[in-house]
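# Secondary and tertiary structure notes
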Amino acid sequence: MDFNLPESAVAVQEGVRAIAAKYDQAYWDRCDAEKRWPEEVWGELVQGGWHSLAVPEEYGGAGQGLLELSVALESLAAGGAGGAASFMYLLTPAFGGLTIMRHGTEEQRREFLPKIVSGEIETCFAITEPDAGSNAINITTQARRDGDHFVVSGQKIWISGVERADFLVLVTRTIPAAEAKPRTAGFTVFLIDVKDAVAQGTLTYQPIPKLGTNTVASSMVFLDGVRVPAERVLGEVDKGFAVMWDILNPERILAAASGVGFGELVLQVACDYARERAPFGKPIGANQAVAFPLAKIKAQVELARLMTYKAAWLWDQGQPCGSEANIAKLTAADAAWQAADRAFQTHGGMAYSLEYPVARMFRDARIAKNIPVAEELVLAHIAQHELGLPKSY
């Protein structure tokens, strides 16, 4: 058992931190206030290949794994990006790169992966629906066969990044849930050409005003007869459940990596303030009421980091990692939220001022307890699969 990061991951850590160090909190505040993608940072990640670490070398990537991708995301978040880092590694590197690498045909890999590496195309992912929420079994977006195409109709919600995506990784039903036996049968995953569908008038989207993570828009997506060539199926028709979980588990692991880096960043902000602020003649960080909660959160962050690395390593080894991914996501999201809450308390009334980044961090940290899966569902999974308790949902 070796707890040292491999040299490849250490190099990633150093490289991404060097990029993050160029951008201060004022930069991230501006991106958030202007509701714009951090193009400058994204451009540097693409130019250095830091976004395509897990793409095999034969397609132009670094040939590394989810562990290195997780370390990159954690490093970007901890280096200053905070919650804004998460979608920069989820949308194209994970939803596009990892999924096509793992489940694409050789033709699909050769068509899409080099373009992901070069930054020519970007992707996003759509599974959640208004009436299904976290219950993916009950999605109703339908794809029906029509010759050498499928015709897709339905509605998705909280789809992040569709406004800039070239391709949408879309989860559909080719067998309705009521007819599927078992109920996990009948899923099919497609690559949808977003710009073509928009031009045809068969795909539209409407951004949702939201509290935080404003560096990327999240939208309602409407699919009205989108025609998709059969060769754009990822995996097999009606057998997309395995593909779906090979998207959801990395998503949770990367969300955990974001939480770890975010927690580390917010702790740094809180501790810097606690060392400097001295209204009673000594730094407030000298008081146990301030110091001890921060110390406890530091312990939570370190524990979440261990489980995140373990889950990523298991995925890279092709081993089951569902429970580890869930536990990593649960603990990291809570650590990031506790850190943001405590940073708010440490700053006192100044936390309410937009002159400080704490308000933005507070808003961005809270959503991680709900996405990409609510902590109640994570706890239900642990209770059932790890503790052997009766299914509760």
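Calculation notes
Residues numbered from 1 in each chain as written. Predicted model: local features only at pLDDT ≥ 70, side-chain atom pairs only at ≥ 80, totals over all residues. Heavy atoms only, no water. UniProt positions renumbered as here; feature names shortened; annotations may be inferred. Helix = DSSP H or I, 4+ residues; strand = E, 2+ residues; numbered from the N terminus. Rg over C-alpha atoms; globule rule 2.2 N^0.38 Å. Buried < 20%, exposed > 50% of the residue type's maximum accessible area, 1.4 Å probe, protein only. Contact = heavy atoms within 4.5 Å. Areas by Shrake-Rupley, 256 points an atom, 1.4 Å probe, with all protein chains shown as cover. Phe/Tyr/Trp six-rings, centres within 6.5 Å; stacked < 30°, edge-to-face > 60°. Lys NZ or Arg CZ within 6 Å of the ring centre and 35° of its normal. Salt bridge = Lys/Arg side-chain N within 4 Å of Asp/Glu carboxyl O.

The name an unreviewed UniProt entry gives the chain is Acyl-CoA/acyl-ACP dehydrogenase, with Actinomadura barringtoniae as the organism. The Sequence similarities (unreviewed entry) comment attached to the chain in UniProt states, word for word, "Belongs to the acyl-CoA dehydrogenase family." According to UniProt, the comment filed for the chain under the heading Cofactor (unreviewed entry) is "FAD".

On to the overall build of the chain. Along the chain, the regular secondary structure elements total 12 helices and eight strands. For the chain, whose C-alpha radius of gyration is 21 Å, the value lies close to the compact-globule estimate of 21 Å for 393 residues. The dimensions of the chain, computed from C-alpha atoms along their principal axes, are 80 × 50 × 45 Å. For the chain, the proportion of its 393 residues judged to be buried stands at 54%. Counted over contacts in the chain with a minimum sequence separation of 6, partners at least 24 positions apart contribute 72%. A total accessible area of about 17300 Å² is found for the chain, and carbon and sulfur atoms account for 53% of it.

Further remarks concern the packing of aromatic side chains. In the structure shown here, the tally under the stated rule is 12 aromatic pairs. With 5.1 Å between their ring centres and 85 degrees between their planes, Y27 and W28 make a pair best called edge-to-face. Judged on exposure class, the residue Y27 and its partner W28 are both buried. Their ring planes at 40 degrees and their centres at 5.0 Å tell us that F95 and F125 sit as a pair that is tilted. On the criterion of sequence distance, the pair formed by F95 in helix α5 (residues 86–103) and F125 in strand β1 (residues 123–126) is long-range, its members being 30 residues apart. In terms of burial, F95 and F125 fall into one category: buried. An aromatic cluster of three or more residues is present, and its members are W337, F344, Y352 and F362. A cation over an aromatic ring shows up here: R102 above the ring of W315, its NZ or CZ 3.8 Å from the ring centre.

Taken as a whole and judged by the stated rule, the model has 23 salt bridges. Notably, a salt bridge pairs R363 with D32, separated by 3.3 Å at the nearest N-O pair. Of this pair, R363 sits in helix α11 (residues 358–366) while D32 sits in helix α2 (residues 25–34); the two residues are 331 residues apart in sequence, bridging distant segments of the chain. On the basis of relative accessibility, which here comes to 9%, the residue D32 falls in the buried class. For E264, the salt bridge goes to R305, with nearest N and O atoms at 2.5 Å.

Our next topic: the UniProt feature "domain: Acyl-CoA dehydrogenase/oxidase C-terminal" (unreviewed entry) in the chain. Following the UniProt record, one finds the feature "domain: Acyl-CoA dehydrogenase/oxidase C-terminal" (unreviewed entry) at residues 238–369. Annotated as 76% helix and 0% strand, the span residues 238–369 places its first and last C-alpha atoms 31 Å apart.

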